[in-house]
Amino acid sequence: MRHSGHIGYGVRPARRRQGYAARMLGMALVIAEGLGIDRALITCDKRNIASAHTILKNGGVLENEIEEESGQITQRYWINL
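**Quick word on the pattern of salt bridges**
Step number 1: Under the counting rule described, the total for this entry stands at three salt bridges.
Step number 2: Residues glutamate 65 and lysine 46 are paired through a salt bridge, measuring 3.2 Å at the closest nitrogen-oxygen approach. Taken together, the residues glutamate 65 in strand S2 (residues 61-67) and lysine 46 in the loop between strand S1 (39-45) and helix H2 (49-57) connect sequence positions 19 residues apart.
Step number 3: Glutamate 65 sits in the partly exposed class, given a relative accessible area of 37%.
Step number 4: Glutamate 63 is paired through a salt bridge with arginine 76; the nearest N and O atoms lie 2.3 Å apart. With a gap of 13 residues between them, glutamate 63 in strand S2 and arginine 76 in strand S3 (residues 73-80) connect regions that are remote in the sequence.
Step number 5: You can call glutamate 63 partly exposed: its relative accessible area is 43%.

Calculation rules
Residues numbered from 1 in each chain as written. Predicted model: local features only at pLDDT ≥ 70, side-chain atom pairs only at ≥ 80, totals over all residues. Heavy atoms only, no water. Salt bridge = Lys/Arg side-chain N within 4 Å of Asp/Glu carboxyl O. Helix = DSSP H or I, 4+ residues; strand = E, 2+ residues; numbered from the N terminus. Buried < 20%, exposed > 50% of the residue type's maximum accessible area, 1.4 Å probe, protein only.

So, in structure tokens, the structure goes:
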């Protein structure tokens, strides 16, 4: 609950900025809902603006930011299903 979320995704560099991440997350949310998950937690590094945009595009609402021991800031978003 603190360091990661319900869903993870990645897109190879040659296919970034083509909408794949948003579609993958959207499809994963449908599966999560089918599994009985009412709210999905999705996290990303604060510096990963593209991932934050993908989460927001899928209905994510920023709950908070957590500073890790390494100094990295993790953003925590919730998506109601």
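After that view of the structure, there is still more to cover.
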